[in-house]
Amino acid sequence: MGPVTVQRIYRELRESLLLELLAALPAEPIAVGAADVHRPGMALMGYAENFLPDRIQVFGESEMAYINTLDAAGQCEAVERVLTLNPPVIFVAMDQTVPEPIINMAREQKFPLIRSALPAVEFMAELTHHLERTFAPHTEVHGTLVDVYGVGLLFTGRSGIGKSECAMDLIERGHRLVADDIVELTRTNEDVLIGRYREALRHHLEIRGVGVIDVQALFGIRAIRMQKRVEVEVQLQEWDDSVDYERVGSENRYTEILGVNLPQVALPLFPGKNITVISEVIALNFMLKIYGYDAAQVLNDRILDTMRTSNRLHDYLDHDRE
Amino acid sequence: MKTVTATVSDPVGFHLRAAGRIVKLTKTFASEVTIRYNGRMANAKSIMGLASLAAEFGTDVEIEVSGDDEEAAAQRLVHLIAVELAEPETPPGASSV
């Protein structure tokens, strides 16, 4: 990914944000340290208290309207006041004309001055969205991510346990592969984890004994997916008699990735076990729980209810001393 | 845990076949091995992961080994990546001693 710089933002967003350089970008990279984007309004007028330094500044219509009321010297002074906040870049929104003295100033002092044709509100929303994604915490895990009935199942387990084979089987049953072997994870929201494939690998799988296969070429576009929210971790393990596996499913186990809590299912393997169907059941059961139906809970309630009813009957018969 | 560095000696970098040789060797050890390059990581027992690092000839990769046989594994891996990969694999049938 690399560090976030003004040059990179310009390169990546030039087309989507309709950007235009008003002064040449300096050759040396200018780091952007934070994802928030500010409007300097009052700082232009001289009141810069509580303004955070090092933030990207955007001149909208009101900023430019104010600048246009000033003479050349006043315009430079106003921009100078914003520069004391040390912004990595100043954007001018709405394709507004920037007075010559300010453009000259940018050239002389070599600060990036970039114009966008988008209205300020839209520009800021788009830029913030992009920066939040860029600054979002990310990591990589060794595993396989498959979209099963719309639920993102992240298969983990030691190398060679059969994660890719399991994915292969799920694809065959109509589910979609997101990433195999390495899953790149980004936390886009407080509790949302998005998984993607690594660019060099795309949707390739390695099947022991067969070699490398290209899932999209073999199964077509329906078999793949670009990215998917990760919802459940399925930990594939060798069967171990000494481990007490989950039997009831009323207590949820969780794992934490980048601060996001994910339900975790430890799945013991043994020959002949249909891991694919079990994976489908895990996905469906997760959905049921999300929709408010917890099978283990419902069964438990029913058993309790049955016991209560039979107790009532016992009580009745007990007291029935005709 | 043990971390060592090796310079990639394969003239075309970590392509699939080179990755295959690394995996073959790593599998003979019980240790967990992670290889890092350019801010990315890969499990050294996975061909796809290694190939996706796209580590080029002459660059350094970091090898992180943890397990009972980490000393031996680290030593052998460094030799494989930094020296043996420069030469094509010994064809099957030929003596490897």
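Residue numbering note: each chain is counted from 1, following its sequence as written. The order in which chains are written sets their letters, starting at A; the order in which ligands are written sets their numbers, starting at 1. Totals for whole chains, interfaces and linings use every residue, but because this is a predicted model, local features are given only for residues with pLDDT of at least 70 and side-chain atom pairs only at 80 or more, for both listing and counting. Side-chain numbers here rest on the full set of heavy atoms in the structure, without hydrogens or water.

Caption draft 1: Structural context of the domain arrangement of chain A. Each domain of chain A was delimited in the assignment, giving domain 1 (6-134) and domain 2 (137-248 + 258-273). For domain 1 of chain A and domain 2 of chain A, the distance between their C-alpha centroids amounts to 43 Å. Residue ranges for the domains originate in an automatic or database domain assignment.

Caption draft 2: Geometry of helix α6 (residues 120-135) of chain A. Relative to the 22 Å expected for 16 residues at 1.5 Å per residue, α6 of chain A spans 22 Å between its end C-alpha atoms, a close match to the ideal helical length. On its buried face, α6 of chain A sits against α1 (6-13), β1 (19-21), β2 (37-38), β3 (56-59), β4 (90-92) and β5 (113-116) of chain A. Strands here mean DSSP runs of E at least two residues long; helices mean DSSP runs of H or I at least four residues long; both are numbered from the N terminus. Expected helix span is given by 1.5 Å per residue-to-residue step, counting one fewer step than there are residues. When checking whether two residues touch, look at their non-hydrogen atoms; a contact exists if any pair is within 4.5 Å.

Caption draft 3: Representation of the packing of aromatic side chains within the structure. Residue and element names in this part refer to chain A. Only the six-membered ring of Trp is used, alongside the rings of Phe and Tyr, when aromatic pairs are assigned; centres must lie within 6.5 Å, and planes under 30 degrees apart are stacked while those over 60 apart are edge-to-face, with the rest tilted. Going through the model one piece at a time under the given rule, you end up with two aromatic pairs over all chains. Ring plane angle 85° and centroid distance 5.6 Å describe the contact between W239 and F270, whose orientation is recorded as edge-to-face. Note that W239 is positioned in the loop between β15 (232-238) and β16 (254-257) and F270 in the loop between β17 (260-269) and α9 (275-290), a separation of 31 residues in sequence. Assessed through its relative accessible area of 42%, W239 is described here as partly exposed. Under the relative-accessibility criterion, F270 is labelled partly exposed at 42%. Sitting over the ring of Y197, R196 keeps its end group 5.2 Å from the ring centre. Note on classification: 1.4 Å probe, protein chains only; a residue is buried when its accessible area is under 20% of the maximum for its type, exposed when over 50%, partly exposed between these limits. A ring has a charge above it when a Lys NZ or an Arg CZ is no more than 6 Å from the ring centre and no more than 35 degrees off the ring normal.

Caption draft 4: Here's a closer look at the interface of chain A and chain B. Facing 14 residues of chain A, the contacting portion of chain B comprises 14 residues. For the chain A and chain B pair, buried surface summed over both sides reaches about 1,200 Å², with 60% attributable to carbon and sulfur atoms. The term salt bridge refers to a side-chain nitrogen of Lys or Arg lying within 4 Å of a carboxyl oxygen of Asp or Glu. Put simply, chain A and chain B have zero salt bridges between them. What qualifies as a polar contact is a pair of N or O atoms within 3.5 Å, subject to a donor-acceptor requirement within protein and to the restriction that residues adjacent in sequence count only when both atoms come from side chains. Taken together, the links from chain A to chain B amount to seven residue pairs in polar contact (both at pLDDT 80 or more). Contributions of two or more residues to the side of chain A that touches chain B are made by β6 (138-142) and β12 (204-207) of chain A. The residue inventory of the side of chain A that touches chain B, partitioned by class, reads six nonpolar, three polar and five charged. Buried area: the sum, over both parts, of the accessible surface (1.4 Å probe) that disappears when the two are put together. Residue polarity is assigned by list, with Asp, Glu, Lys and Arg as charged and Ala, Val, Leu, Ile, Met, Phe, Trp, Tyr, Cys and Pro as nonpolar; anything else, Gly included, falls into the polar class.

Caption draft 5: Looking closely at the side chain of S31 of chain B. Residue and element names in this part refer to chain B. The residue S31 is located in the loop between α1 (16-26) and β2 (32-37) in this model. In this structure the side chain of S31 is engaged in a polar contact, spanning 3.3 Å, whose partner is the backbone nitrogen of E70. Not counting residues within four places of it along the chain, the set of residues in contact with S31 comprises K45, V65, S66, G67, D68, D69 and E70.

Caption draft 6: Broad picture of helix α3 (residues 70-82) of chain B. Residues and elements named next belong to chain B. For α3, built from 13 residues, the straight-helix expectation of 18 Å at 1.5 Å per residue is met to within 8% by its first-to-last C-alpha distance of 18 Å. The complete set of buried residues in α3 reads E70, A73, A74, L77, L80 and I81. Down the axis of α3, the sector holding all buried residues measures 135°, keeping them to one side. Every exposed residue of α3 that faces more than 90 degrees away from the buried side is listed here: E71 and Q75. Each element contacted by the buried residues of α3 is listed here: β1 (2-7), α1, β2 and β4 (60-66). Think of the arc as the fan of directions from the helix axis to the C-beta atoms.

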